[in-house]
Amino acid sequence: MLPARGHAIALWDDGLVTDTTRRDGSAVRWHRALPQAARWLADHEATGVLRLLGDGMLAVITPERVAAYRVADGDLRWILPARPGCRFAPARALRHGAVLLIARPCPAEDRWTAGLVAVDDLGVVAPHRAPLGNGQRGERHSAGHPRPGKVVAPPR
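Fair warning: this is a prediction, and the values are worked out from it, not measured in the lab. (Residues numbered from 1 in each chain as written. Predicted model: local features only at pLDDT ≥ 70, side-chain atom pairs only at ≥ 80, totals over all residues. Heavy atoms only, no water.)

**Student:** Go over the pattern of salt bridges, please, and point to the residues and values.
**Tutor:** On inspection of all chains with the given rule, the structure shows five salt bridges. We note a salt bridge from Asp 19 to Arg 29, for which the minimum N-O separation is 3.1 Å. Separated by ten residues along the polypeptide, Asp 19 in strand 3 (residues 16–21) and Arg 29 in strand 4 (residues 28–33) bring together distant segments of the chain. Asp 19 sits in the buried class, given a relative accessible area of 0%. A salt bridge links Glu 64 to Arg 87; the shortest N-O distance between them is 3.2 Å. In this pair, Glu 64 sits in the loop between strand 6 (57–61) and strand 7 (65–70) while Arg 87 sits in the loop between strand 8 (76–81) and strand 9 (89–96), placing the two residues 23 residues apart along the sequence. (Salt bridge = Lys/Arg side-chain N within 4 Å of Asp/Glu carboxyl O. Helix = DSSP H or I, 4+ residues; strand = E, 2+ residues; numbered from the N terminus. Buried < 20%, exposed > 50% of the residue type's maximum accessible area, 1.4 Å probe, protein only.)

**Student:** Quick rundown of the sheet that holds strand 11 (residues 116–120)? Include the residues and the values.
**Tutor:** Strand pairing in a sheet takes place through backbone hydrogen bonds and is either antiparallel or parallel in direction. The four strands are arranged 9-10-11-12 in an open sheet whose pairing can be described as antiparallel. What marks the edges here is a single partner per strand, and that holds for strand 9 and strand 12 (123–124). For strand 10 (residues 99–103) and strand 11, the ladder comprises four bridges, and the chain directions are antiparallel. Across the sheet, residue Ile 102 finds its bridge partner in strand 11, namely Val 117. (Pairing = 2+ DSSP bridges.)

**Student:** Can you explain the sheet that holds strand 6? Please cite residues and give values.
**Tutor:** Taken in spatial order, the four strands make up an open sheet running 5-6-7-8, and their pairing is antiparallel. Of all the strands in the sheet, just strand 5 (50–53) and strand 8 have a single pairing partner and so form its edges. On average, each strand axis in the sheet is inclined to that of its neighbour by 20 degrees, with strand direction left out of account. Strand direction decides the pairing type here: strand 7 and strand 8, joined by five bridges, are antiparallel. If you follow Val 66 over to strand 8, its bridge partner there is Leu 80. (Axes fitted to C-alpha atoms, helices over the stretch in contact; angles between N-to-C directions.)

**Student:** Outline the state of the cysteines, listing residues and values.
**Tutor:** By definition, a disulfide links the sulfur atoms of two cysteine residues through a covalent bond. Scanning the model with the defined rule gives one disulfide in all. The disulfide partner of Cys 86 is Cys 106, and the gap between their sulfur atoms is 1.9 Å. Disulfide Cys 86 to Cys 106: torsion about the S-S bond roughly 125 degrees, handedness right-handed. With a gap of 20 residues between them, Cys 86 in the loop between strand 8 and strand 9 and Cys 106 in the loop between strand 10 and strand 11 connect regions that are remote in the sequence. Here Cys 86 and Cys 106 have matching classes, each one buried. (Disulfide = S-S within 2.5 Å.)

Shown next, in the form of structure tokens:
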């Protein structure tokens, strides 16, 4: 279970993720099923599977994929599948600032960097990427800067 402001997100052993109100838990805000996760969840503890990302995003990490959902409505925003022969290790994920570093052991890979992937609310961290538009409808962000505004002072 992952507590959030005013609601709680839970992962059930059958692979269902639910977001409920925290006052009494009677209202389910949204629910999503994780494909092919029920057997793995039954065999392993779900340590580290649910992780909050910045700007109201939830990462759900299973060995086969990382999926990001918008917390406000459960909308699926992006999916990152594991490379062939590799598996994500949810319990070995670590937050560093706004970035979530996820262990992805790859036995066939010699480079240590291949065993690690960095994600945030926009997906895989990569140079020169553009925002995916993860905000609610009606919110606007510039393509060059996810939080538009006065980036530099005007010339004098």
